[in-house]
Structure formats: C-alpha cells, structure tokens
Amino acid sequence: AQTVSRDGDGVVTVGGIPVTRLAEEYGTPAYVLDEADFRARARAWRGAFGTDADVFYAGKAFLSRAVVRWLHDEGLNLDVCSGTELVTALSAGMPADRIAFHGNNKSVAEIERAVEAGVGRIVLDSFQEIVRVAHIAQSLGKRQRVQIRITVGVEAHTHEFIATAHEDQKFGIPLAGGQAAEAVRRALQLDGLELIGIHSHIGSQIFDMSGFEVAAHRVVGLLRDIRDEHGVELPEIDLGGGLGIAYTSADDPREPHEIAKALTEIVTRECESARLRTPRISVEPGRAIVGPTAFTLYEVGTIKPLDGLRTYVSVDGGMSDNIRTALYDAEYSVALVSRTSDAEPMLVRVVGKHCESGDIVVKDAFLPADLAPGDLIAVPATGAYCRSMASNYNHALRPPVVAVHEGKARVIVRRETEDDLLRLDVG
Ligand code: LLP
C-alpha cells in the first residue's frame, strides 16, 4: 500500500488509520486494502495504454463489488472466469460489453448467461467450445464476439503451476501443428460467432519481457496467416496478464508505462514486418493492480525458539488466508507494525494455526527478538490471490477485506461467521 507510514508511537498507519485501531475494530487476521493505491494503479495502467488499447482487470486476483465500482470509475474493463464472477461484476454495475469471459471448461449455463448478458467477448479455449458458444449464441438469436486463446509455445520464467504458454497444459489451443489455424477456420464459418481476435496469456509473476516478445511475434504470425488464407485482418490481440510485482525487495517490477510502451512497440513492429494493420491491443493485469495494494494483518500467538535453527512465530491465520507460500514456494516479507523495537533481529518463520507443517506464511524473515504474543505483524503484497484463494481448512472463517481511504475504513468483504459455515452443513 502507498499510504503507509509510522505515527509518533511507532504504530503503522495506512490511509491515515493506525493498524491497532483496525485490529480492534475488525479483528485479525484481516486483509487491509488501500483504495487510493488500488485506484492509482488502475489509473496508471489505463493511462499507460491510452485510448487505443483496453485494460481488462483479471478478477480472479481479487473481486468484490467495491473493486468492480472502482474499476468502472477508472475506465477499466474486467476479465471474469466463472459465472459467479460474472454475476458479481454485473451486480456491481459493470456494463456487460466491458466484460471478457474466460475459462477452459465454461459450463453451458455459464455460456448462456454470458451471451444473454451481452458480454463484450468470450475467449474460446477449445474446439468443443467454439461449437458450443456458436450454438448457444445462435439459439439466442445473437452473434457473440469471441477471441481464440492459443498457446504459443514459450516457456515463461516462472513457477511451473502458473506458466501457461507451453503446449503441455490445459489452457488454449496450440499454435503447433496448425491447430490454432484450424480453430480459426471453424470459428470463421459459424454464424453465431464474430471472431475479433487472438488471445495469449503466457503465465504469471513474470519480469522478463522476452516471453511477451515471442508471444506477440507468434500471434502476429497467426494473424498474417489468417489474412493470407481468409483475406480478413482480425482487429484485436490480447496479450493476457502476468506482470510481476515486488513481494520482497529482491523483485524489481516494471512500471505500467514501460510495459505498455514495450508491448505496443513489439506488436507494431511485428505488424509492420507482416504488413498488417496494427490491431487493437488488450491486456489483463490482475496481480499488478491489486497485489501491492493490500497487506494481511495478523496477531502473534505463540513464539517457539528452536535452538540453532530459527524461531517459529505462529499467527492467527495461515494457509487458509494465504496458500501461495505452500503452493508456489512464494516469498513474502513481514514487519512488526503495532510498535517499534530496538531489539536485535531474529530469524523467524511465520506459520499459521493449521494442522500441517507446510502451513507457512513467510519462510524466512527477521523480526525483533523482543517480539511478544499480542504484537501485530503485517505481510505486505497480499492483495492478489490470497482472499480469492482462501479456504475454510480446519473450518477457518475467511478474513474480511477492509478498505481504507482518506482516514476512513470500511468492510468491503465481511468476515465469515460460524453461522455462515454451519448454514452450509445441512446433514
Ligand atoms: N489473464 C488470464 C487469461 C489469466 O489466466 C490470468 C491469470 C490473468 C490474466 C491474470 O494474471 P496476473 O496478471 O494476475 O498474473 N494463483 C496464482 C496465479 C494464477 C493466475 C491465473 N491466471 C498465484 O497466486 O500466483
């Protein structure tokens, strides 16, 4: 978050509010999201790409109605990947034509809902889906705007589980073997579809632009082949999301304007050499917008020094509110936020309260040696893929998202209650 500082007593304040007050009012663990920072990042992306391109925020990173309204205000579009994300977006007033619908196995009901609502595009992910969407659109008397998602065959330098452009995985239609060209052929023949472009998403938490360069080269190559074979120039290309953020000081992310400049230059250059009109570009950043805008506030419970190893600091949440460390070996930092301390730093591992040893929030970090139960600690950069991937493991109640803005805090997603969970248990 941007509006973070320490007050005279050493208490961290965010958006003008001390974390101690947030903990008292809303409890811990809690995700604290800085609205001004979110809006500033959304605006920076929008501004960087200008009016010749579209920015679709990837709702999977974190979606709530407040977020949808902020995006709407700031002129961004939205990428959803389930019927429920779609309903969330529509119910918060996002116009359907600014929504893109993704997924490798959208259900018939989800597709019907999206087509009926009039979403701006559906991103087709398989041969079955090409036929399915065409059929549904036609039976509803509509022509649905679609893109085809292809896998361009690049290895993005990121964790295996979040890399998506190599061919041996579930997303997209491979460029290799002429499969993507065949998908285009079929889509162009179907009356229910208006093929507007090609989509590529190479993976997540990427810093190196060379993967995008290769992807753009291959997508434009396909556009050229389509022109040569069918005499049509598709008007759009989407290069997906995946831009990395700083989880620790070791990461050095690029600014949106640098990314926009690089991507626009690559596409323009490739199109010039293929003698194509430059298509309208769109991108789908999720993490890069919401990731840095929130931190998780925890209360320290137990502290267990293990001689010669490290000290285990247990907090009142864990893998149920942040699965990323366990799942991707993700790196985070942590800070004592309810006071300052002059004590020596000690090597800690911040762990949760769940029943398994992989329940780690921060693998290696330093906290002051006088850390005590009741202290508040914060883990920054938890805005993306933390609340959205939260679980009820051990019947944990998922934490609230508290938005702070200009000295005011408000809950935008409330904490789950025991009643919420027990209501589902109808046996
Ligand atoms: N567009 C498409 C088609 C995607 O599949 C994704 C992410 C995005 C955009 C947004 O990517 P971003 O800019 O947020 O990196 N749970 C993982 C990340 C999974 C990303 C899935 N798709 C994590 O916590 O790292």
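What you are looking at is a predicted structure, and each value in this text was computed from that prediction instead of being measured.

## Notes on the site of the ligand
- In the vicinity of the ligand lie 22 residues, with Ala-58, Ser-204, Gly-241, Gly-286 and Tyr-385 positioned nearest.
- Listed by contribution, the elements that provide at least two residues to the shell around the ligand are helix H10 (287-290) and helix H11 (324-328).
- Partitioning the shell around the ligand into residue classes produces 9 nonpolar, 8 polar and 5 charged.
- Shared between two domains, the shell around the ligand takes at least three residues from each, and those domains are domain 1 (4-33 + 292-424) and domain 2 (62-285).

## Quick word on the confidence of the model for the chain
- The predicted model of the chain has a mean per-residue pLDDT of 95, with 97% of residues at 70 or higher.
- Per the prediction output, this complex has pTM 0.97; the corresponding ipTM is 0.99.

## A word on the sheet that holds strand E2 (residues 12-14)
- Here 3 strands make up an open sheet; going across it, the order is E1-E2-E3 and the pairing antiparallel. Sheet topology places strand E1 (4-6) and strand E3 (17-18) at the edges, where each strand pairs with a single neighbour.
- Examined bridge by bridge, E2 and E3 share 2 bridges and lie antiparallel to one another. Considered in E3, the bridge of Thr-13 is made with Pro-18.

## Re the domain arrangement of the chain
- Its domain assignment divides the chain into domain 1 (4-33 + 292-424) and domain 2 (62-285).
- Taken together, the contacts link 16 residues of domain 1 with 11 residues of domain 2.
- When contributions to the side of domain 1 that touches domain 2 are tallied by element, the ones reaching two or more residues are H11, strand E20 (401-405) and strand E21 (408-413).
- Residues that form the side of domain 1 that touches domain 2 fall into these classes: 11 nonpolar, 3 polar and 2 charged.

Here is what the cut-offs are and how they apply
- Residues numbered from 1 in each chain as written.
- Predicted model: local features only at pLDDT ≥ 70, side-chain atom pairs only at ≥ 80, totals over all residues.
- Near = placed C-beta within 6 Å.
- Helix = DSSP H or I, 4+ residues; strand = E, 2+ residues; numbered from the N terminus.
- Nonpolar A, V, L, I, M, F, W, Y, C, P; charged D, E, K, R; others polar.
- Domains from an automatic or database assignment.
- pLDDT = per-residue confidence, 0-100.
- Pairing = 2+ DSSP bridges.
- Contact = placed C-beta atoms within 7 Å.

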